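Here are the chains, one letter per residue:
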Amino acid sequence: NLTPAREREFFATGEVLVDWMFAIIEAGLVPGFAPVAMLEYGCGPARLAIPLSRRAGSVTAIDRSPAMLDVARREAERRGAGHIAFDAPDAFLAQSRKFDLVVCYHVLQRLPRRQGLSLVRALVDRISPGGVGVFQWLLGTSASAGVQVTRWAREHLPAVNAAVNRLRNKPSEDPFIPTHVYALDRLLSALKAAGCPG
């Protein structure tokens, strides 16, 4: 439901973010980084996959929502990036293809920690030798203990979520979208166990 101006702004933030990622990689990790095969896991409407596709090489974009994959395909076609390969997680995980760049941005906080750590390990396994992984996760929250308990209850107890929705004058069946926080030491251990340099 974005206005044309908001839509332009939304996709422009993807361009800025991809430029920032490459600047960091080239300045501190791999000078002259020129990936041939790139992966965005959790692509949503292809906000990052489209600017990634303007770099050299191929892009594979994965999302668990069939509806979101349809939106992403349409946006990619509309924006001249019809060569992006879109797929669902099951089909992707059944393959063993490696990538020079793996991006997982604004995904892990939506997954329960155990599932998120498992995904990190699986994606690190897809990084080719000399490749780079870009992962984003939340390390803390300023929410009070009461708010955190309410969020847990909304995520795990549908009746609580329905009641809170009604109090907020929203349809009771509106889903609760959780935000999960990760402990840095757990993530670093998962990365190290998956073979990332320390």
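How each quantity is defined
Residues numbered from 1 in each chain as written. Predicted model: local features only at pLDDT ≥ 70, side-chain atom pairs only at ≥ 80, totals over all residues. Heavy atoms only, no water. Helix = DSSP H or I, 4+ residues; strand = E, 2+ residues; numbered from the N terminus. Rg over C-alpha atoms; globule rule 2.2 N^0.38 Å. Contact = heavy atoms within 4.5 Å. Areas by Shrake-Rupley, 256 points an atom, 1.4 Å probe, with all protein chains shown as cover. Lys, Arg positive; Asp, Glu negative; His and termini not counted. Charge placed at Lys NZ, Arg CZ, Asp CG, Glu CD. Pairing = 2+ DSSP bridges. Right-handed = clockwise from strand over helix to strand, strands pointing away. Buried < 20%, exposed > 50% of the residue type's maximum accessible area, 1.4 Å probe, protein only. pLDDT = per-residue confidence, 0-100. Axes fitted to C-alpha atoms, helices over the stretch in contact; angles between N-to-C directions. Salt bridge = Lys/Arg side-chain N within 4 Å of Asp/Glu carboxyl O.

Q: I'm lost on the overall build of the protein in this one. Help?
A: Per the secondary structure count, the protein includes 8 helices and 5 strands. Counting helices and strands in the order they occur from the N terminus, the protein gives α-β-α-β-α-β-α-β-α-β-α-α-α. Computed over C-alpha atoms, the radius of gyration of the protein comes to 18 Å, within 12% of the 16 Å expected from 2.2 N^0.38 for 198 residues, which places it in the range of a compact globule. Excluding contacts between residues fewer than 6 apart, the proportion of contacts in the protein whose partners are at least 24 apart in sequence is 69%. Total accessible area on the protein stands at roughly 11,300 Å², and carbon and sulfur atoms take up 57% of it. Taken together, the 24 basic and 18 acidic charged side chains of the protein have centroids lying 6 Å from each other.

Q: Help me understand the pairing of strand 5 (residues 127-135) in this model?
A: Regular strands have side chains that alternate between both faces of the sheet. Here strand 4 (residues 99-104) runs beside strand 5; their pairing, made up of 5 bridges, is parallel. Counted as the bridge partner of V103 is V134 from strand 5. Tracing the backbone out of strand 4, into helix 5 (residues 113-124) and back to the parallel element strand 5 gives a crossover that is right-handed.

Q: What exactly am I supposed to notice about the pairing of strand 2 (residues 58-62) here?
A: Most of strand 2 is tucked away, with 4 of its 5 residues classed as buried. One ladder, built from 3 bridges, connects strand 2 with strand 3 (residues 85-87); its direction is parallel. Considered in strand 3, the bridge of A61 is made with F86. Traced from strand 2 through helix 3 (residues 66-78) to strand 3, the parallel crossover comes out right-handed.

Q: I tried to follow the confidence of the model for the protein on my own but got confused; where do I start?
A: Low pLDDT marks regions whose predicted coordinates should not be analysed in detail. Model confidence for the protein is summarised by a mean pLDDT of 89, while 98% of its residues fall at 70 or above. Helix 8 (residues 184-193) is the least confidently modelled element of the protein, averaging 83 in pLDDT, while strand 1 (residues 37-41) averages 96, the highest of any element.

Q: Help me understand the sheet that holds strand 3 in this model?
A: Backbone hydrogen bonds are what pair the strands of a sheet, in a parallel or an antiparallel way. Ordered by their spatial adjacency, 5 strands build an open sheet running 3-2-1-4-5, and the pairing between neighbours is parallel. Only two strands of the sheet have a single partner each, and these edge strands are strand 3 and strand 5. Averaged over all pairs of adjacent strands, the angle between strand axes in this sheet comes to 15°, irrespective of strand direction. Across the sheet, helix 3 is in contact with strand 2 and strand 3; its angle to strand 3 comes to roughly 170°.

Q: How should the pattern of salt bridges be read in this particular structure?
A: Counting across every chain of the model gives 9 salt bridges. Close ionic contact of D19 with R55 constitutes a salt bridge, the shortest N to O distance being 2.8 Å. Separated by 36 residues along the polypeptide, D19 in helix 1 (residues 4-28) and R55 in the loop between helix 2 (49-53) and strand 2 bring together distant segments of the chain. Linked by salt bridges that have partners in common, E7, E75, R78 and R79 make up one network.

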